[in-house]
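Examining the three-dimensional arrangement
Okay, here's what each chain looks like letter by letter:
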There are 4 protein chains.
Amino acid sequence: MPLEGIVPPLATPLLDDQTLDLVALKKLVNRMLDAGVHGLFVLGTTGECTSLSYELRRQLISAVCTLVSGQVPVLVGITDTAPDESVALTDFAKQAGAAAVVAAPPYYFGLSQPELVTYFERLADRLSLPLFLYNMPSHTKTMISLDTVVQLAKHSNVVGFKDSSANAGYLHALIYAFRDQPEFSIFVGPEEMMASSVLMGAHGGVSGGANMFPRLYVDLYHAAKANDRETMLRLQSKVMEVSEKVYALGTYGSSYLKGLKGAMSLLGLCQNVLAAPHTAFGPAEMEKLELNLKSIEGV
Amino acid sequence: MPLEGIVPPLATPLLDDQTLDLVALKKLVNRMLDAGVHGLFVLGTTGECTSLSYELRRQLISAVCTLVSGQVPVLVGITDTAPDESVALTDFAKQAGAAAVVAAPPYYFGLSQPELVTYFERLADRLSLPLFLYNMPSHTKTMISLDTVVQLAKHSNVVGFKDSSANAGYLHALIYAFRDQPEFSIFVGPEEMMASSVLMGAHGGVSGGANMFPRLYVDLYHAAKANDRETMLRLQSKVMEVSEKVYALGTYGSSYLKGLKGAMSLLGLCQNVLAAPHTAFGPAEMEKLELNLKSIEGV
Amino acid sequence: MPLEGIVPPLATPLLDDQTLDLVALKKLVNRMLDAGVHGLFVLGTTGECTSLSYELRRQLISAVCTLVSGQVPVLVGITDTAPDESVALTDFAKQAGAAAVVAAPPYYFGLSQPELVTYFERLADRLSLPLFLYNMPSHTKTMISLDTVVQLAKHSNVVGFKDSSANAGYLHALIYAFRDQPEFSIFVGPEEMMASSVLMGAHGGVSGGANMFPRLYVDLYHAAKANDRETMLRLQSKVMEVSEKVYALGTYGSSYLKGLKGAMSLLGLCQNVLAAPHTAFGPAEMEKLELNLKSIEGV
Amino acid sequence: MPLEGIVPPLATPLLDDQTLDLVALKKLVNRMLDAGVHGLFVLGTTGECTSLSYELRRQLISAVCTLVSGQVPVLVGITDTAPDESVALTDFAKQAGAAAVVAAPPYYFGLSQPELVTYFERLADRLSLPLFLYNMPSHTKTMISLDTVVQLAKHSNVVGFKDSSANAGYLHALIYAFRDQPEFSIFVGPEEMMASSVLMGAHGGVSGGANMFPRLYVDLYHAAKANDRETMLRLQSKVMEVSEKVYALGTYGSSYLKGLKGAMSLLGLCQNVLAAPHTAFGPAEMEKLELNLKSIEGV
């Protein structure tokens, strides 16, 4: 308390479009626990949360909570446009043993900042688990303003914040605004800025690359915390190499997801299956990805 | 066949945040049928589709289909980020007696045009009812391009299109592209451009104002079809007056929804209750809205 | 008074990147005057206004005003980020014989609506010619709100409005707001919506296609004014064919400009030269454009 | 070579809307030189570049180059929509003694990435001074992609890059891409992320706050370079305090400019005059700003 460190957004291993791969899930979770991750975030953007049926979301929550069995906190994404569904999923997650939930703004109607405050306050009132706010403007169309975060942080059930805006000016303003409230957890999404953010005061990172190379991100987090500059710059360079070689192959906004799952399949961690509406990389991209992946050394 | 005319997007009458007002629903539906609407569209943006729990969505579909009882086609919104949920809701709607379904692009991840084509083709394959595509870029972040519509219209289960972009250049290009396929229904969302669009070849309008004044929009549609310019300009002016006095009171993007439901409550059609994340207008706006509403004559 | 009809945005004929083609200019202007255009708009978006040096802008103003010689009003684009330059260009245009100027919002810093009001009021105070406001949000990042237009129209030197937003809901609201001020000219940019807009009350169109086929747009305008539906739909179909075959060939936002100037060169009206930062279509696109152009009949 | 350190974007001191305040300019420049800045950037966004007439731009260039007299490199903003004007201003700047020029993408028409490459390559060919690319997507609508920067950096006259996107993922990718080309200068715009960026490999910052407190930013830069974490975090906190108390007072996008110039006037550095289209803060905001400014200690 507060949550700190590397809390990977778990990629969802699938056998086919909508069937969970429980064998891969076990391997994946155990591998991350062995590497020393500080928590797990299921049903995030990387987990293809919004593409999955509610039935599958519940299966995943149960399975992960059972596998983790209290070794680290499990956070569950409940982002939804219908508050009742968020509340129901939270109750289910609590029963399963999750530690907290994570919610981005409703993403169909865009809300104004006062509407956001009302929305999150009422939601937090109804939730049976502590809430992390999730800023994801590229997907929700809504930037949660600094003032809105400060206001919402007064709610006893709002315990932290995950920022995936990639806007470092915004994140630094947030870190400064909460300089006297160290118990309010501030996590950063994009792994490329995890080390510099931790160095400047963030609590940790929700680093998607930890699905592939969990130890790299855990080690980088510790180097940044310890102000071990040499190690940090060496590992940061490795993180950037992964980013360049795995996430930047396709031409659409979904390249990150396709690259990540493609690489995970090449590493033997899961099938190369994405939930609709997304589709996996075809043979041409996979061939290039395989070469790229082999060229990454020392991870 | 094809569908033509005024197909109002039904506002969802609520007793409280998530309880359907069945008495109001009956009154509302019958009033629109009496006015001669050509269809009904439930669970659209005006119906606060994405804010409602799935349970409530199903209740609404059943109730409306029973009330309408085949007098006009009922269209059901199935827009979702998880295809399985869209498919399940369609099966339910078919059982209830709905005629078709309507789907906008998935609205969390933004999809590219080729990804949109794949998404809608696979969805149409799985749906047990004919599909109308729904272009709503302000909410989905994704404009369905003209080429994508043309391509998707080749699918035997894709029967029409609703455009809520308000972009007249785009709509006219669409009307032109389908000039030799009159069986492909083209509907326009914003009621302010319904008459001019019908005049230029659109099949009809999904006019939200018909929840308040159904006959106005039905009459305007007929005047445009008949090229009765004098009547058309007189009724168009009335439509613009409604738009100005009812939809433009608030300061946020949700003013349309708040104004519409506020006005419906003043007209005795339903409670002034919006589903979360939205909230109804407060006393100050309602006072102004009441004055505005009283000043609209001859509707 | 007020200005009505077709006021084409003159394409700027160039010999090379920044040298005016005066021979082509004469032919182009005379051809449009012969076709019965009601005015000419130089240095608009179609005229590549912002790409031209100030020296060349002045040459163009002089040349066009001399050629037109008072037969129709000449409007001059003065859109700039530095008000002093707008004022200086207006003084020059007045001397040359122009009738009015046209200004979009400053397009580097985005302004808020109150800032826009201040900007345009101060600018109108300083201008020696009447001002048309120009709404071009895709290029300026700033939508001029309905309230802002209404407020600015009170200024004695603000005489009209050109809307290139393509948003028909917005344009219809504007037409309605000025229903009792017929002397305030409302022009629409996108030619695809010119006829339907004129039919609903707009004063005319700034139709780029009139650089190629001036009579088509003039005839369509008159058909819409006369409510001659049959003629209107026939000519509208022709306008849409031009739009589809000339403007939609490229892959970037500049396809309109490239297609227009490419087609003009194929029609013998000017060289296929665009001012930097734009470049003309290459051989492959020009070949396709030529086939497309030949297939357009009866214009 | 390469340029490194703090290169403040000079605010432009004005007597009235378009008259340079040469006395204030001298004081301002000397104060920054005394504080140890490593260069000066005139006619940037902070310098209200696009609001100034060309005549005034030339006056400013001459005056600053004379004042600096070779003590540090002077960089001159030449961002324009008309390449001829950029070229002419560069020639003038070279004569005046400037060291390099800085250009953002043309900001009226949005260009695609291939069009950007062509634009900058042709511009660089014509420029008589070395060119820094300037990424400013919030104002130009155009993000210069990583691939575009890498391609343009091959041009012998392109020597560096200034990133004002605030996107740390992008900036880190850029730093990584140029890891073997240390002679290519990478500067960051937003001062809130200057220290963390320098720490991760950026060459320096174009920190607007240095107009008020030059030593603060120079010291922070040196602390980050030296990996003196304690000093860095202390000064970073001060930078964030300035940011919160000076830049975040207004309600519009121009709050930064208004706050900066308001604060500079309170510090006796210049008049509180902004060039149109902007206007200075009124009394209410100035009163609040004064209190805020007084509460900042130790700068």
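Residues numbered from 1 in each chain as written. Chains lettered and ligands numbered in written order. Predicted model: local features only at pLDDT ≥ 70, side-chain atom pairs only at ≥ 80, totals over all residues. Heavy atoms only, no water.

1. Here we look at the relation of the copies chain A and chain B
Put simply, the rule reads: The copies were overlaid by least squares, fitting only the C-alpha atoms of residues that reach a pLDDT of 70 or more in each copy.
The transformation that overlays chain A on chain B combines an axial shift of 0.0 Å with a rotation of 180 degrees, and the residual RMSD is 0.0 Å. A rotation of that kind, with that shift, is consistent with a two-fold axis. Distance from the rotation axis, computed per C-alpha, reaches its smallest value in chain A at Tyr107(A): 3.5 Å.

2. Section: the interface of chain C and chain B
Selection rule: Residues count as neighbours in contact if any of their non-hydrogen atoms are within 4.5 Å of one another. Note on definitions: buried area is the accessible-area loss of two parts on being combined, 1.4 Å probe, summed for both. A pair is scored as a salt bridge if a Lys or Arg side-chain nitrogen falls within 4 Å of a carboxyl oxygen belonging to Asp or Glu. Under the rule applied, a polar contact is a pair of N or O atoms within 3.5 Å (in protein, one hydrogen donor and one hydrogen acceptor; residues adjacent in sequence only if both atoms are side-chain atoms). Elements are defined by DSSP. Helices are runs of H or I of four residues or more, strands are runs of E of two residues or more, and each kind is numbered from the N terminus. Under this grouping Gly is polar, as are all residues other than the nonpolar Ala, Val, Leu, Ile, Met, Phe, Trp, Tyr, Cys and Pro and the charged Asp, Glu, Lys and Arg.
If you look at the interface, chain C gives 26 residues, while chain B gives 26 residues. Contact between chain C and chain B buries roughly 2,200 Å² in total, counting both sides, with carbon and sulfur atoms accounting for 61%. For chain C, the biggest contributors to the area lost against chain B are Tyr176(C), Met200(C) and Arg229(C); these three give 30% of the whole. Put simply, chain C and chain B have zero salt bridges between them. Applying the counting rule to chain C against chain B returns ten residue pairs in polar contact (both at pLDDT 80 or more). Breaking the side of chain C that touches chain B down by element, the ones donating at least two residues are helix 7 (168–177), helix 8 (194–199), helix 9 (214–225) and helix 10 (229–247) of chain C. Here the element with the most residues in the side of chain C that touches chain B is helix 10 of chain C; it accounts for eight residues. Looking at side-chain class alone, the side of chain C that touches chain B contains 14 nonpolar, seven polar and five charged residues.

3. Re the sheet that holds strand 6 (residues 100–103) of chain A
Residue and element names in this part refer to chain A. Stated precisely, the cut-off is as follows: A pair of strands is treated as paired once DSSP finds two or more bridges between them.
In spatial order, the strands read 1-10-9-8-7-6-5-4; together these eight strands make up an open sheet with parallel pairing. The two strands at the open ends of the sheet, each matched to only one other strand, are strand 1 (5–6) and strand 4 (40–42). In the sheet, strand 6 pairs with strand 7 (residues 131–135) via three bridges, with the strands oriented parallel. For Val101, the partnering residue across the bridge sits in strand 7 and is Leu131.

4. Section: the interface of chain A and chain B
Size of an interface, as often reported, equals the accessible area lost when the parts are brought together. In this assembly, 39 residues from chain A lie in contact with 40 residues from chain B. Here chain A and chain B share an interface that buries about 3,400 Å² over both sides, 62% of which is from carbon and sulfur atoms. Sorting the residues of chain A by area buried against chain B places Tyr108(A), Phe109(A) and Pro277(A) first, and these three jointly supply 24% of that buried surface. The tally of links between chain A and chain B comes to two salt bridges. A salt bridge links Lys258(B) to Glu115(A); the shortest N-O distance between them is 3.0 Å. Inspection of the chain A/chain B interface yields 14 residue pairs in polar contact (both at pLDDT 80 or more). Ranked by the residues each element gives to the side of chain A that touches chain B, the list is headed by helix 4 (residues 113–126) of chain A, at five residues.

5. Quick look at the packing of aromatic side chains
Which entries qualify depends on this criterion: Stacked, tilted and edge-to-face are the three classes applied to pairs of Phe, Tyr and Trp rings, where Trp contributes its six-membered ring and a pair requires centres within 6.5 Å; stacked means planes under 30 degrees apart, edge-to-face means over 60, and tilted covers the rest. Whether a residue is buried, partly exposed or exposed follows from its accessible area with a 1.4 Å probe, protein chains only, as a fraction of its type maximum: under 20%, in between, or over 50%, in that order. Throughout this description, the term charge over a ring refers to an Arg CZ or Lys NZ atom that lies within 6 Å of the ring centre and within 35 degrees of the ring normal.
Under the defined criterion, the tally for this structure stands at 35 aromatic pairs over all chains. Taking the centre distance of 5.1 Å and the plane angle of 65 degrees together, the rings of Tyr119(C) and Phe120(C) count as edge-to-face. Just as Tyr119(C) is buried, Phe120(C) falls in that class too. The rings of Tyr107(A), Tyr108(A), Phe109(A), Tyr107(B), Tyr108(B) and Phe109(B) are connected pair by pair, giving a single aromatic cluster. Seen from the ring of Tyr54(D), Arg57(D) lies directly overhead, with NZ or CZ sitting 4.3 Å from the centre. Of note, Arg179(D) hangs over the ring of Tyr176(D), and the distance from its end group to the ring centre comes to 3.9 Å.

6. Brief notes about the pairing of strand 7 (residues 131–135) of chain C
Residues and elements named next belong to chain C. Summarising burial for strand 7: five of the five residues are buried, a large majority. Taking every second residue as pointing to the same face, both faces of strand 7 are buried, with Leu131, Leu133 and Asn135 on one and Phe132 and Tyr134 on the other. The sheet contact formed by strand 7 and strand 8 (residues 158–163) spans five bridges and is parallel. Paired with Asn135 across the bridge in strand 8 is Asp163.

7. A look at the pattern of salt bridges
Evaluated as defined, the whole model comprises 32 salt bridges over all chains. Between Glu290(A) and Lys294(A) there is a salt bridge, with its nearest N and O atoms 3.8 Å apart. Note that Glu290(A) and Lys294(A) are positioned in helix 12 (residues 283–294) at a spacing of four residues, about one turn of the helix. Residue classification places Glu290(A) among the partly exposed positions, given a relative accessible area of 36%. Take Lys294(A): its relative accessible area is 63%, and that puts it in the exposed class. One salt bridge in this structure joins Lys245(D) and Glu241(D), with 2.7 Å as the shortest N-O distance. Of the two residues, Lys245(D) and Glu241(D) both sit in helix 10 (residues 229–247), four residues apart, roughly one turn of that helix. Overall, the relative accessible area of 16% leaves Lys245(D) in the buried class.

8. Side note on the layout of surface pockets
Short version of the rule: For each structure, a 1 Å grid was placed over the protein atoms alone; sets of points admitting a 1.4 Å probe that cannot get out are labelled cavities, open sets with protein on both sides within 12 Å along at least five of seven lines are labelled pockets, and lining residues have an atom within 4 Å of a point. Grid points are joined across faces, edges and corners, and a volume is the space filled by probe spheres set on the points.
For the largest pocket, the calculated volume is near 2,300 Å³. Surrounding the largest pocket, 47 residues form its lining, Tyr247(A), Tyr252(A), Gly253(A), Tyr256(A) and Asn167(D) being those nearest its centre. Within the residue set of the lining of the largest pocket, elements represented by two or more residues are helix 5 (137–140), helix 10 (229–247) and helix 11 (255–266) of chain A together with helix 6 (146–152) and helix 7 (168–177) of chain D. Considered class by class, the residues forming the lining of the largest pocket number 21 nonpolar, 20 polar and six charged.

9. Considerations on the packing of helix 10 (residues 229–247) of chain B against helix 7 of chain C
The cut-off we apply is this: Note on definitions: angles span 0 to 180 degrees between N-to-C directions of axes, and those axes are lines fitted to C-alpha atoms, for helices only across the stretch in contact. For classification purposes, an angle smaller than 35 degrees is called roughly parallel, one larger than 145 roughly antiparallel, one from 65 to 115 roughly perpendicular, and anything else oblique.
Remark: helix 10 of chain B packs on helix 7 of chain C, axes separated minimally by 10 Å, with the N-to-C direction vectors making an angle of 100 degrees. With respect to helix 7 of chain C, the element helix 10 of chain B is oriented roughly perpendicular. Where helix 10 of chain B approaches helix 7 of chain C, its residues Gln236(B), Ser237(B), Met240(B), Glu241(B) and Glu244(B) are matched on the opposing element by His172(C), Ala173(C) and Tyr176(C). In terms of residue class, the contact of helix 10 of chain B with helix 7 of chain C is built from three nonpolar, three polar and two charged.

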